[in-house]
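# Summary of the model geometry
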Amino acid sequence: IKSSRPLPVCELPDVSPAAFTDLRSYADRLRLELAQNTPTPRSMKPDDLAQLGAVSTALASDPSDLTALVARAVALERVGLLAEAATTYEQIASRIPAAQWSAAKARGVIADAVRPGAAGGRVFGVVVGISHYDHLESQYQLQYADEDAKAFYSYVTSPRGGALNQNVTLLLNEKATKSAVRTAIANVFAQATAKDTVDIFMAGHGVAMDGGENGGAYILTSDADLEDLATTAVPMAYLQDLLDRQPAPQQVRLFVDACYAGKIGDIPNKNLNSDIAKVVQQAHPATEVFALLASREREPSLEYGNYKHGAFSYFLLRGLNTKEATDNAGAITVDDLIEYVRNGVRFATSKKQNPESRGNFRDSDEIANLTLPGIPFAAPSGTPESCGARSIIVPRSAIPAQPPEAADAFEAALANGKILPGVPGGAFDILMKTPGDLQKKHRLLIALEDAGQQILLVYLRGEAVPQVRADFDRGEQYFDAANTLLPGDPFIESRRQFFRGRKLIFDRKYPQAIEAFETAVRLDPKGPYTYNGLGIAYLETGAFDRAIAAFRDAVQLAPYWIYAHHNLALALTETGRYAEAIKTYEAALDLQPHYAYVPYNFGLLLERLNQPAKAREQWREALERAPDMARAWNAIGLSFYLEGRLDQSHRAYDTALGLAKNQTDRLAIRHDMALLMMARHNPQQAIALWRDNLAEKSDDIPTLIGLAEALANEDQLSAALDVLSMLVDKKRGYIGARLEYAKLLEKAGKSNEAEAQLRAGLGYEPENPELCESLADLLAVQGGATNRSEALDLYQRALQHTGSHGKQSRIQRKIKLVRQKAA
C-alpha cells in the first residue's frame, strides 16, 4: 500500500528483516527450548495424571480388565497421546473381535497420529479472526471475521485439514493481541521442520504505512493502535525473515480475508494484497509458499448476512470441504481451489471482489485429500445479502469454540491477573514449580507482554490520559518477569528499559533515564515510544536541540502518532522556532485527533505570539473534543482579559470554574479571576478568591504572591507580611518574594528584618542586581562608615550586573550621593 499520509487499513508490506530481530530471536529461542525438552501434545492436568495412574494400577493387578483398558484408551486419546491410545484400542479389538467400534476407533486414532500434511510431514497452523478492535470506532468493527476463523480452525484440525489440535493456535477477538499473535507465529515456525506445512489464516483488518523506517504492512491485532503501528501491530515482513531462516517449513499456505473499509478514521485505505505479494513472491531457500487473497488491489472484501461469513472465507472453506471444487474424486488441487474460490466470490459479489493467488506452488499440487473427512458445510439460502465490507454458512453447532482451557490454579491466576513473581497463588510462582512446561511458559509470557502493552497503549494517548510513576514501575515489573522467563530477548529488554526510563523521569534522575532510553534504542532502533521518552528526558534537562532530534525520530517512525507531534511542537517552541512549531501543530491536527490537548496547547502558542483570535479558535476546537475542559475556558477568559474585554473574560472564567473537577484547574481559575477582580477595582472579591485557594492548598505560590500584593495595596500591611512570610518560607529561593517582603518590612519600620531578608536572598543569588541595590539603599539610609562602605561595594556589584542603561544611570547617581555624604 502506498500512501503519502495516514494509515491505509487492510493492506500489507515492504520487507526489512533487520527490523524484526525480536520475532526472529523468539523463534530461535523456541526452537532451542523444543530441542531441549520433549513436549507432550498438551500439558497433562492433575486430573489426567490421577486417572491414568488409577488405570495403570488396575491393569497392573489385572491386565485383562477390559473396563480399565477402555478407560486407559479414552484417557490417552483425550490428552493427545494418540499412538499409545491407538495401541490400546487395538488390544481391545484383539480381545473382543465383535467390538467393531474399537477397531474403527483404532484406525481413526492411528490416522490422526500419523496424519500428514501435503508435504508428507505435520501440519501446524495459526488462525486469527478479529471482529472487535479495542481502539477502532464502532463503524470500523467487523461482524464475521471471528466466525471465519472458527470455521477455518474446525477445517484445519479435521482429518482433511491434517493438523492435530495441539499444533494449531486459534486466536479470536480480545485473545488476538500483538503478543499472542507474535508468539503463536514464532512458535509454529520454531516447531516446523523441513517436512512440515504451516497454514496461516487471517480474517480482519490489515494496514500499510508508506515509507519511512517502519514502512510496510501490518496485521492489526485486537489491541493495535493506528497512531503507532510499529509498537502495537504485527508487521507482515517478519514472515519473510522467518521463511529465510533454517530449518524452514516445506510449505507455507497463507489465506487472508482482510477488510477494505475505504477509510479508518482519517486514514485512507488502499490495498493489502500487492504488499503481501512482496513477501510471498520472493524466492525462499527451501520453502514453497502459496497465498490466496480475498481481493485485488483497491477492491472491497465483503461480508454477507446470509453467509454469516466473508464471501472469500465462505467459498474457501466450501471449496475445501465439499466436492464442488473438482471433478477429481481423490483430491483438490491448487488450481481447483483457486478457480472455485475466484468464480464463487465473483458471482456472489457481482464481480466487485476478485480473489487472487500468489506464490511458487504448482497448479497441480494437492491441497486437500477428498478421501479424508472434512467438516459439514451447508449452502446458504437465498441470494447473497451484503452487510458491508469484509465473510460460510457453517451451522453454529459445527463450529467449535476456542479450545477450552482447564480451570486449574495456573489458568485461574492468569485470568485474575496474578502474573508477577511473589504474588501469592500467582501464575509465575506456579510455573517455577514446573519450569519445563513450555505451554504454561508461553502463556505467561503473553500475559506479561499484554499487561505491559496495555500501559504502553495508554502512553500513546499522551496528555489525554496522564500517567503516574506507579504505571511505569508496574510496566518495568512485567518485563522484568518476562526477562526472567526469556533472558536476553531484545524485544523484552528494550521495553523493560523504556519503562525504567519513564519511571526515572518521575524521580528527576534524568541522566539515568537518558541512559535507559539509549539502551532501549540500541536494542530496538525502530521503537517510536522510546525516542519519545528520550525526548521528554532531554526536554526536562533543557537540552532542547537533542529533544527536537529525538521527537523528530519518533515522528518519522510513527507519522500518525499525535503525542510525538505535540511534543516536537513544544520543544520547537522552547527554542523560539515558532513557525516550525505552528507547522508541527497543524500536521498533528490534520490527523484529526480526538485529543483536546493538541488544539489547547496550540492555542497557548498562538496567544504567546499575540494572535488571540486564532488562539481562541483553537481553544474552541479543544472544547469540541472535550466540552468539559475547564482549562480551555480559562484560557479563553485570560485571552479576553489581556485584550481588556473584561465582561467576556468574566463569563468565560465563571464557566471554567463551574466545570473544574480537579484542584489544579480550580486554583488556576480562581487566581486568574482574582486578577480580573483587581482590574475591575474589586479587591475584596479578589482577596476572597485567593483565600479560597489557600483554604484548598496553603502553599500555592501564585496565590500567595497575588494575595500579598493585593493586601499591600489595600494597606493591610500586617496581613500582607504574614502572607509574604509564608511565601518565602515555602519558596526560599524566590527572590521576587524576598524583595517585596523586605520592602514591606521596611515600610512597617522593621529595617533589621528587611536587611535579614535581603541578605538571605543574596545567599541564593550573590550577584542579583536588584538585591544588591536594595540592600545598598537600606545601608546607605542607616548611615555610618561601615554601612556606607558596604553600600558602595553593593552598588558597584549591581552596576556590574545590570544591563539596563536607565538602571545604570540611577545606580551611578546613588554612588555619587553616598560618596558626597562620606566626604
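All of these numbers come straight from a predicted model, not from anything done at the bench. Per chain, residue numbering runs from 1 following the sequence as it is written. For a predicted model such as this one, the threshold for reporting local features is a pLDDT of at least 70, and the threshold for listing and counting side-chain atom pairs is 80 or more; totals across whole chains, interfaces and linings nevertheless cover every residue. To obtain the side-chain values, all non-hydrogen atoms of the structure were used and water was disregarded.

## Section: the overall build of the protein
Assigned secondary structure in the protein consists of 35 helices and 16 strands. Only protein chains enter the accessibility calculation, which uses a 1.4 Å probe; a residue is then buried when its area is under 20% of its type maximum, exposed when over 50%, and partly exposed in between. Within the protein, buried positions represent 54% of all 823 residues. Residue burial considers only the protein chains on display, and all accessible areas are found by Shrake-Rupley using a 1.4 Å probe. Accessible surface, the protein: about 34200 Å² in total, of which carbon and sulfur atoms supply 51%. Going along the chain from the N terminus, every DSSP run of H or I of four or more residues is numbered as a helix, and every run of E of two or more is numbered as a strand.

## Points about the pattern of salt bridges
Charged atoms that come close allow side chains of opposite charge to pair. A side-chain nitrogen of Lys or Arg and a carboxyl oxygen of Asp or Glu constitute a salt bridge if their distance falls within 4 Å. Inspection of every chain in the model, using the stated rule, returns 35 salt bridges. Ionic pairing is found between E773 and R810, a salt bridge with its closest N-O pair at 2.8 Å. One end of the pair, E773, is in helix α33 (residues 769-782); the other, R810, is in helix α35 (residues 805-822), and 37 residues separate them in sequence. The exposure class assigned to E773 is buried, which follows from its relative accessible area of 9%. Since its relative accessible area comes to 31%, R810 is described here as partly exposed. A single network of salt bridges, built from pairs that share partners, joins D545, R552, R577 and E580.

## Notes on the packing of helix α17 (residues 490-506) against helix α19 (residues 528-540)
Each packed pair of helices is defined by two parameters, the angle between the axes and the distance between the axes. Across the interface, α17 lies against α19 with an axial gap of 10 Å and an inter-helix angle of 25 degrees. Classed by the angle they form, the pair α17 and α19 counts as roughly parallel. In this structure, α17 crosses over α19, and the sense of that crossing is left-handed. Residue-level inspection shows S494, R495, F498, R502 and I505 of α17 in contact with α19, the latter providing Y529, T530, G533, I536 and A537. Three classes are used, and their members are as follows: Ala, Val, Leu, Ile, Met, Phe, Trp, Tyr, Cys and Pro are nonpolar, Asp, Glu, Lys and Arg are charged, and the others, Gly among them, are polar. A class-by-class count of the residues in the contact of α17 with α19 yields five nonpolar, three polar and two charged. Axis definition: a line fitted to C-alpha atoms, over the contacting stretch in the case of helices. Angles run 0 to 180 degrees between N-to-C directions. With respect to orientation, any angle under 35 degrees is reported as roughly parallel, any angle over 145 as roughly antiparallel, any angle of 65 to 115 as roughly perpendicular, and every other angle as oblique. A crossing counts as left-handed when the near helix is turned anticlockwise from the far one by less than a right angle, and as right-handed when that turn is clockwise. What makes two residues a contact is simply this: any of their non-hydrogen atoms within 4.5 Å.

## Notes on the packing of aromatic side chains
Two aromatic rings, drawn from Phe, Tyr or Trp (for Trp, its six-membered ring), form a pair once their centres lie within 6.5 Å of each other, and the interplanar angle then sorts them: stacked below 30 degrees, edge-to-face above 60, tilted otherwise. Per the counting criterion, the structure on display carries 21 aromatic pairs. With centroids separated by 5.3 Å and ring planes inclined at 65 degrees, the aromatic side chains of F498 and F499 adopt a geometry described as edge-to-face. Residues F498 and F499 agree in their burial class; the two are buried. An aromatic cluster is built from Y459, F472, F479, F498, F499, F506, F517, Y529, W561, Y563, Y595 and Y597, whose rings are joined through pairwise contacts. Charge over a ring is defined by NZ of Lys or CZ of Arg lying within 6 Å of the ring centre and within 35 degrees of the ring normal. Over the ring of F491 we find R182, and its NZ or CZ is 4.1 Å from the ring centre. Over the face of the ring belonging to Y600 we find R631, whose NZ or CZ atom lies 4.7 Å from the ring centre.

## Description of the pairing of strand β3 (residues 197-204)
Of all eight residues in β3, eight are buried, a share of seventy percent or more. Two strands pair if DSSP finds at least two bridges between them. Pairing analysis gives eight bridges linking β3 to strand β7 (residues 251-258), with the strands arranged parallel. Each bridged residue has a counterpart across the sheet, and for T197 the counterpart in β7 is Q251.

## Re the environment of L704
You can see L704 is positioned in helix α29 (residues 701-713). Relative accessible area serves as the criterion here: at 0%, L704 is assigned to the buried category. Between the C-alpha atom of L704 and that of V728, which follows or precedes it by 24 residues, the distance is 9.8 Å. Among residues more than four places away in sequence, those in contact with L704 are L694, S698, D699, V723, M726 and L727.

## With respect to the sheet that holds strand β10 (residues 288-293)
Read from one edge of the open sheet, six strands run β2-β1-β3-β7-β10-β14, paired in mixed fashion. A single partner strand is all that each edge strand has here, and the edge strands are β2 (168-172) and β14 (356-359). Put simply, the sheet's adjacent strands are angled 10 degrees from each other on average, direction ignored. Relative to β10, β7 is paired through six bridges, and the arrangement is parallel. Bridging across to β10, V256 finds its partner in L293. Lying on the sheet, helix α11 (residues 311-321) is in contact with β3, β7 and β10; it crosses β7 at an angle near 140 degrees.

## With respect to the packing of helix α15 (residues 438-459) against α17
In contact at an axis separation of 12 Å, α15 and α17 are set at 40 degrees when each is read in the N-to-C sense. Considering their axes alone, α15 and α17 lie oblique with respect to each other. Crossing of α15 over α17 shows left-handed handedness. Within the contact between the two elements, α15 uses L445, E449, G452, Q453, I455, L456 and Y459 and α17 uses F491, I492, R495, F498, F499 and R502. Of the residues contributing to the contact of α15 with α17, the split by class is eight nonpolar, two polar and three charged.

## Remarks on the side chain of S179
The residue S179 is located in helix α7 (residues 178-191) in this model. A 3.5 Å cut-off defines polar contacts: any pair of N or O atoms within that distance qualifies, except that in protein one atom must be a possible hydrogen donor and the other a possible acceptor, and neighbouring residues in sequence count only when both atoms are side-chain atoms. Of the polar contacts made by the side chain of S179, one reaches the side chain of E449; its length is 3.2 Å. Side chain to side chain, S179 and D450 meet in a polar contact 3.4 Å long. If near-sequence neighbours (up to four positions away) are discounted, S179 is found in contact with I446, E449 and D450.

## Some points on α17
Each helix should span, by expectation, one fewer than its residue count multiplied by 1.5 Å. Look at α17: 25 Å from first C-alpha to last across 17 residues, which is about the 24 Å you get at 1.5 Å a residue. Burial of α17 is extensive: 15 of the 17 residues sit out of reach of the surface. With a side-chain oxygen positioned 3.2 Å from the backbone nitrogen of F491, the residue opening α17 is D489. Once α17 ends, the next one or two residues include R508, with phi positive near 60 degrees.

## Regarding the sheet that holds strand β4 (residues 206-209)
Within the open sheet, the three strands sit side by side as β4-β5-β6. Their pairing is antiparallel. Whereas interior strands pair on both sides, the edge strands pair on one side only; in this sheet they are β4 and β6 (234-235). Sheet topology note: the β4/strand β5 (residues 216-219) ladder contains four bridges and is antiparallel. Looking at β5, one finds that A208 is bridged to A217.

## Overview of the nonpolar core
Ranked by size, the top nonpolar core spans 168 residues in total, and within it F152, F189, L316 and L444 carry the most contacts. The element contributing the most residues to this core is α15, with nine residues. Beyond its immediate chain neighbours, meaning those up to four positions away, L316 contacts F152, F201, F255, L292, L337 and V341. Buried Ala, Val, Leu, Ile, Met, Phe, Trp, Tyr and Cys residues form a nonpolar core when they are joined through side-chain atoms within 4.5 Å. With 52 residues, the next largest nonpolar core counts Y653, A674, L721 and Y795 among its residues.

## As for helix α30 (residues 717-730)
With 14 residues, α30 should cover 20 Å at 1.5 Å per step; its first-to-last C-alpha distance of 20 Å lies within 8% of that length. Buried positions along α30 lie against α29, α31 (735-747) and α32 (751-764).

## Examining the confidence of the model for the protein
pLDDT expresses, on a scale from 0 to 100, how confident the predictor is about each individual residue. Mean pLDDT over the protein stands at 82; residues scoring 70 or higher make up 80%. A low-confidence stretch, residues 1-24 (pLDDT under 50), is modelled with 124 contacts involving residues beyond four sequence positions or located in other chains. Within the model, pLDDT remains below 50 along residues 384-407, and this stretch shows 92 contacts once partners closer than five positions in the same chain are excluded.

## Re the environment of A516
As for its placement among the helices and strands, A516 is situated in helix α18 (residues 510-523). Residue class for A516 comes out buried when judged on its relative accessible area of 1%. For the pair A516 and L504, spaced 12 residues apart in sequence, the C-alpha separation works out to 8.9 Å. Ignoring sequence-local partners within four residues, the contact set of A516 consists of Q497, R500 and G501.

## Some remarks on the side chain of T530
Its place among the elements puts T530 in helix α19. The residues touching T530, leaving out its near neighbours within four places in the chain, are F498, F517, A520 and V521.

## Some words on the environment of N369
Assignment of secondary structure puts N369 in strand β15 (residues 366-369). N369 sits 208 residues away from G161 along the chain, and the two C-alpha atoms are 8.4 Å apart. Residues contacting N369, with those up to four places away along its chain left out, are R160 and G330.

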